[in-house]
Amino acid sequence: ADALCALAAACAARGERAAAEALLTRALAAYEAATGPDSTDVAAALTDLGVLRLEVGDEGGGRPLLQRALAIQAAALGEAHPDAVAIRDVLEADA
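Residues numbered from 1 in each chain as written. Predicted model: local features only at pLDDT ≥ 70, side-chain atom pairs only at ≥ 80, totals over all residues. Heavy atoms only, no water.

**Describing the packing of helix H1 (residues 2-13) against helix H2 (residues 17-35)**
The geometry of H1 relative to H2 is characterised by a closest axis approach of 8 Å and an angle of 165° between their N-to-C directions. Viewed along their axes, H1 and H2 adopt a mutual orientation that is roughly antiparallel. Relative to H2, H1 is oriented so that their crossing is left-handed. Listed contacts from H2 to Asp2, Leu4, Cys5, Leu7, Ala8, Cys11 and Ala12 of H1 are Arg17, Ala19, Ala20, Leu23, Leu24, Arg26, Ala27 and Tyr31. Grouping the constituent residues of the contact of H1 with H2 by class yields twelve nonpolar, no polar and three charged. (Axes fitted to C-alpha atoms, helices over the stretch in contact; angles between N-to-C directions. Helix = DSSP H or I, 4+ residues; strand = E, 2+ residues; numbered from the N terminus. Parallel < 35°, antiparallel > 145°, perpendicular 65-115°, else oblique. Left-handed = near helix turned anticlockwise from the far one by under 90°. Contact = heavy atoms within 4.5 Å. Nonpolar A, V, L, I, M, F, W, Y, C, P; charged D, E, K, R; others polar.)

This is the structure:
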């Protein structure tokens, strides 16, 4: 799953958003299967996928992913953790 996320980042950097989204979706499924639905790895994949969707104007697809990621990160790491704060900032900036 880590390799899928790295490859997705490379695709996104080249503007290959559809390929990046497909890879992140696969990575998310792999993380959920391996670590459970509430792991920080799942939250990281949700964040990447959510941001990617927001970048292409899919607010309805991106915001719920980011909200789920925020809930996971806040529960696992605390509301003030930099990862939770960063997700909250993205959500507020996009509001």
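**Re the pattern of salt bridges**
Any two side chains of opposite charge can pair, given that their charged atoms come close. Tallying each qualifying case throughout the model produces six salt bridges. In this structure, arginine 17 engages glutamate 55 in a salt bridge whose closest nitrogen and oxygen atoms are separated by 3.4 Å. Taken together, the positions of arginine 17 in helix H2 and glutamate 55 in helix H3 (residues 40-55) put the pair 38 residues apart, joining distant regions of the chain. Close ionic contact of glutamate 32 with arginine 68 constitutes a salt bridge, the shortest N to O distance being 2.7 Å. With glutamate 32 in helix H2 and arginine 68 in helix H4 (residues 59-77), this residue pair connects regions lying 36 residues apart in the sequence. Judged by relative accessible area, glutamate 32 falls into the partly exposed class, the value being 28%. Relative accessible area serves as the criterion here: at 30%, arginine 68 is assigned to the partly exposed category. (Salt bridge = Lys/Arg side-chain N within 4 Å of Asp/Glu carboxyl O. Buried < 20%, exposed > 50% of the residue type's maximum accessible area, 1.4 Å probe, protein only.)

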